[in-house]
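Structural characterization, general
So you can see what is in the structure, the chains are spelled out below.
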Amino acid sequence: EYVLSPSRVDVTSALRQQLGRGSQIAVSPSFHGELMVDWNLLWHAISNALSNARKYGDKASIEVRLNYQPPDLVVTVVNSADAREQARLMAKHGQDATGLLQRRIEGGTALSSNLGSRAILQAAALHGGRATLRLAAAETTLELVVHAEAAGADFQNDGATPGAAPLLWCVDDCATMRLKL
């Protein structure tokens with residue numbers, strides 16, 4: 001059984017480092033400072049979400065938003081998607097497609113084992129949080145909420161809310177996106 005090992009992590013810097021210097025990333029002020037998280041586990045979940053966005057999206061764009069809503073870190077991965085495919089999925093599963101994270105699904109040209117999605121759910125649960133998957137006409141949104149206390153007096157939350165300007169944004173054609181997946 002996995003034992004959560006939280007430590008002080010500057011999530012923004014750690015994510016930039018994992019994505020690599022070649023990534024196209026724009027930073028907007030949402031929060032600054034360190035959070036207490038198990039970075040290895042959190043990165044495992046984020047990398048699986050990014051991998052799914054690349055596999056099942058239309059490859060036009062992927063956006064990663066980081067917001068802090070004490071005591072939770074909200075990581076949102078949004079990818080653009082083919083409107084026809086989204087309409088088919090929404091007719092079958094509705095807008096709340098969180099159930100798809102728990103079973104094998106057909107997407108693109110391959111049948112997925114869905115191990116990555118289960119890893120996202122487990123990482124959220126181990127951090128005392130949750131994961132949801134929502135479908136819209138031209139995009140898919142995965143939201144990962146994890147319990148993450150602010151670490152240190154230098155932490156500054158600028159009051160970002162869901163839907164605010166993204167903290168990080170990267171285009172799916174980044175050569176380094178899969179560098180450490």
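The structure this text deals with has already been given above.
Presented here is a report on the structure given in the accompanying data block. (Residues numbered from 1 in each chain as written. Predicted model: local features only at pLDDT ≥ 70, side-chain atom pairs only at ≥ 80, totals over all residues. Heavy atoms only, no water.)

1. A look at the overall build of the protein
Basically, it comes down to this: Helix numbers and strand numbers start at the N terminus; a helix is a DSSP run of H or I with at least 4 residues, a strand a run of E with at least 2. Partly exposed residues are those whose accessible area sits between 20% and 50% of the maximum for their type, while under 20% is buried and over 50% is exposed, using a 1.4 Å probe and protein chains only. Contacts are residue-level and defined by heavy atoms, with any inter-residue pair within 4.5 Å sufficient. Using a 1.4 Å probe, the Shrake-Rupley method yields the accessible areas, and only the shown protein chains count as cover for residues.
Per the secondary structure count, the protein includes 4 helices and 10 strands. Starting at the N terminus, the α and β elements of the protein follow one another as β-α-β-α-β-β-α-β-β-α-β-β-β-β. Considering the protein as a whole, with its 181 residues, one finds that 46% of them fall into the buried category. Within the protein, contacts between residues at least 6 apart in sequence are counted, and of these 75% link residues at least 24 apart. For the protein, the accessible surface area stands at approximately 9100 Å², while carbon and sulfur atoms represent 51% of it.

2. Let's talk about the pattern of salt bridges
In plain terms, the rule: The term salt bridge refers to a pairing of a side-chain nitrogen on Lys or Arg with a carboxyl oxygen on Asp or Glu at a separation within 4 Å.
In this structure the tally under the stated criterion is 3 salt bridges. Across the salt bridge formed by Arg-8 and Glu-34, the nearest N and O atoms sit 2.6 Å from each other. Taken as a pair, Arg-8 in strand β1 (residues 7-9) and Glu-34 in strand β2 (residues 31-37) lie far apart in primary sequence, 26 residues in all. Residue class for Arg-8 comes out partly exposed when judged on its relative accessible area of 47%.

3. Comments concerning unusual backbone geometry
That bond from Pro-70 to Pro-71 is cis: its omega, 5°, falls within 30 degrees of zero. If you trace the backbone, Pro-71 turns up in the loop between β3 (62-69) and β4 (72-80).

4. Focus on the side chain of Asp-38
Note the threshold: Positive charges come from Lys and Arg, negative ones from Asp and Glu, while His and the chain ends are left out of the count.
With respect to the helices, strands and loops of the structure, Asp-38 is situated in the loop between β2 and α2 (39-56). Although Asp-38 is buried, it forms no salt bridge, and the closest oppositely charged side chain is Arg-8 at an N-O distance of 15 Å. Apart from residues lying up to four places away in sequence, Asp-38 is in contact with Tyr-2, Val-3, Leu-4, Ser-5, Pro-6 and His-127.

5. Some points on the pairing of β3
The cut-off we apply is this: Strand pairing is assigned whenever DSSP identifies at least 2 bridges connecting the two strands.
Of all 8 residues in β3, 6 are buried; the element is thus mostly enclosed. Adjacent in sequence and paired antiparallel, β3 and β4 are bridged by 2 residues.

6. Regarding a nonpolar patch on the surface
Quick reminder of the rule: Within the patch definition used here, like charges are joined within 9 Å and nonpolar side chains (Val, Leu, Ile, Met, Phe, Trp, Tyr) within 5 Å, considering only residues with over 30% relative accessible area and no salt bridge.
Taken together, the side chains of Tyr-2, Leu-4 and Leu-126 define a hydrophobic patch exposed on the protein surface, amounting to about 240 Å² of accessible area. As for its placement among the helices and strands, Tyr-2 is situated in the segment before β1.

Worth remembering: the numbers are spatial, not functional.
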